[in-house]
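An overview of the molecular structure
Here is what each chain is made of, one letter per residue.
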Amino acid sequence: MTSLPLRRIARPFVRVITCLLLIVASGASASAQTKTLKPGTAYIDPDKYVEFQPGALPIVLTSPHGGRSKPNKIADRTKGVLGADTNTQELTRAIQAEFIRRTGLPAHTVISLLHRSKLDPNREIVEAAQGDPEAEKAWHLFHNSIKAALRTAVQTHGFAFLIDIHGHGHEIQRLELGYSIDGGRFNQTDAELDRDNLGPASTLNDLMASGRASSFAQLMRGPDSLGALLEERGFRSVPGPRDPGPKRFPYFNGGYISRTYARDVPGVDGVQIESHLRGVRATPEDRRQFAQALVDTMIVFLERHYRYSIVPANFTPAPGAPAPVQASTQP
Ligand SMILES: [Zn+2]
C-alpha cells in the first residue's frame, strides 16, 4: 500500500490547473501523466467543467449528474433526460471524505460540474453533448479522467472498482444496484439466474471470471453481495436478500459509464448506485450516514471477494468525518 502524507490527503484543496487536465484530455498517455498529480487534490479545468481528484485506492467514484453549472457558451440540450440528480455531487464528496477518514487514502473521483441540461456524461457523446463543441470538450475531459484513474488503479493494485453515483425518484425507497443486467432477470430464481451464464455480461465480470464467487446469483443477492452488506447497514437494496428482484417496479440497471468501464474494460469491475433522496442524500447528515455504510460495505466486499484490504495496517480512523471537499461552483 502506498504511503502518503496524511495531512495533505486529509484536507484536499481545489486548484485550477490549466495544463494538467489538458494533458489528461489528450488521453493516450493519461496514466503516465496522472503519476505527476497529487492524490487527494482536486484539479479543475479552466472552464470548470470537470473536477478530477486522483486517488490512491483501487476505487473510482464518478458523479455524472450532480453538476449545477449552466454556462451560456454551451447550448441547452434538447433531447433526453435534462434534470439533475439532486445532491449526488455532494453525496460523492461525502463518500470520498469517508474513504479518507476510514483508510487515510482518497478514492479517484471524477465529478461533472455541468448541469445535465448542458451535458450528460452518462451517455455516448452524441446524446451527451448534442453537437455542442464545448460540451464535447467537457465529455472528453470527464471520460479521459475516468480512463486515467482506472489505468492508474489497475497498474497500482491489479484491479479497479468503479462506483457510479446517481439518484432516482422512484416510489420505493431503496437503493437500485445496477450491474448491467436487466431487472427482469432478477425476478427469476437463483437456479434460473445461474443457468444463463450472465457473469460475462455483468459489471462484476472480472470477479466472476476469477472463479472466487460461488455463483452469479450469490454474488448478486447472496449474504456477501453488495445488496446484503448495505441492507445490514440500514439501506434497503435491490437486488439483495430482502428484495431479490424489482418485481413490477421501476429499476435502473446501469448506464453508459458502468457498461463502458466496469463491464467492458478488463480488470475493472463496478456498480451503478441509484439512490432515493430521503435518508441518503437529502441532508448532510443523510449523506454522512450513507457514506459510512457504503465505505464500510466496500471494505468488507473487497476483502471477501477480491482478498484486498484498502485499510492500511495499523491505520486508526479519525473520530469524525472531515468536511467534504468544497464544491467548486456556486449552487
Ligand atoms: Zn443519474
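Scope of this entry: the structure provided in the associated data block. Since this is a predicted model, take the numbers as computed values, not measurements. (Residues numbered from 1 in each chain as written. Predicted model: local features only at pLDDT ≥ 70, side-chain atom pairs only at ≥ 80, totals over all residues.)

Topic: the overall build of the chain
- On a plain count of helices and strands, the chain comes out with 13 helices and 9 strands.
- Taken across its 331 residues, the chain has 51% of its residues classed as buried.
- Expressed as a percentage of contacts within the chain between residues at least 6 apart in sequence, the contacts between residues at least 24 apart total 74%. (Helix = DSSP H or I, 4+ residues; strand = E, 2+ residues; numbered from the N terminus. Buried ≥ 20, exposed ≤ 12 C-beta atoms within 10 Å, placed from the backbone. Contact = placed C-beta atoms within 7 Å.)

Remarks on helix H6 (residues 133-157)
- With 25 residues, H6 extends 36 Å from end C-alpha to end C-alpha; this agrees with the ideal 36 Å at 1.5 Å per step.
- Directly beyond the C-terminal end of H6, a positive phi value near 90° is found at Gly 158. (Expected span 1.5 Å × (residues − 1).)

Describing the pairing of strand E4 (residues 59-63)
- Counted residue by residue, E4 has 5 buried out of 5 residues, so it is predominantly covered.
- Alternating residues of E4 divide into Ile 59, Leu 61 and Ser 63 and Val 60 and Thr 62, and every residue in both groups is buried.
- The pairing of E4 with strand E5 (residues 108-112) spans 4 bridges and is classified as parallel. Within E5, the residue paired with Thr 62 across the bridge is Val 110.
- What joins E4 to E5 is helix H4 (residues 88-103), and the crossover it makes is right-handed. (Pairing = 2+ DSSP bridges. Right-handed = clockwise from strand over helix to strand, strands pointing away.)

Considerations on the environment of Gly 66
- Looking at where Gly 66 falls in the secondary structure, it is placed in the loop between E4 and H4.
- Distance in space between the C-alpha atoms of Gly 66 and Leu 91 is 8.9 Å, their sequence separation being 25 residues.
- Once you skip the residues sitting within four places of it in the chain, Gly 66 turns out to touch Ala 84, Asp 85, Asn 87, Thr 88, Gln 89 and Thr 92.

Some remarks on the environment of Asn 122
- Checked against the element boundaries, Asn 122 lands in the loop between E5 and helix H5 (125-129).
- C-beta crowding within 10 Å serves as the criterion here: with 25 such atoms nearby, Asn 122 is assigned to the buried category.
- Sequence-distant contacts of Asn 122, defined by excluding residues within four places in its chain, comprise Pro 64, His 65, Gly 255, Tyr 256 and Ile 257.

Some details on the packing of H4 against helix H13 (residues 284-306)
- With their axes 8 Å apart at the nearest point, H4 and H13 run at an angle of 55° to one another. As far as their axial angle goes, H13 and H4 are oblique. Considering how the two elements wind past one another, H4 and H13 form a crossing that is right-handed. Taking contact as the criterion, the partners of Glu 90, Leu 91, Ala 94, Ile 95, Ala 97, Glu 98, Phe 99 and Arg 102 in H4 are, on H13, Arg 287, Arg 288, Phe 290, Ala 291, Gln 292, Leu 294, Val 295 and Ile 299.
- When its residues are assigned to classes, the contact of H4 with H13 shows 10 nonpolar, 1 polar and 5 charged. (Axes fitted to C-alpha atoms, helices over the stretch in contact; angles between N-to-C directions. Parallel < 35°, antiparallel > 145°, perpendicular 65-115°, else oblique. Left-handed = near helix turned anticlockwise from the far one by under 90°. Nonpolar A, V, L, I, M, F, W, Y, C, P; charged D, E, K, R; others polar.)

Purely geometric numbers; function is a separate question.
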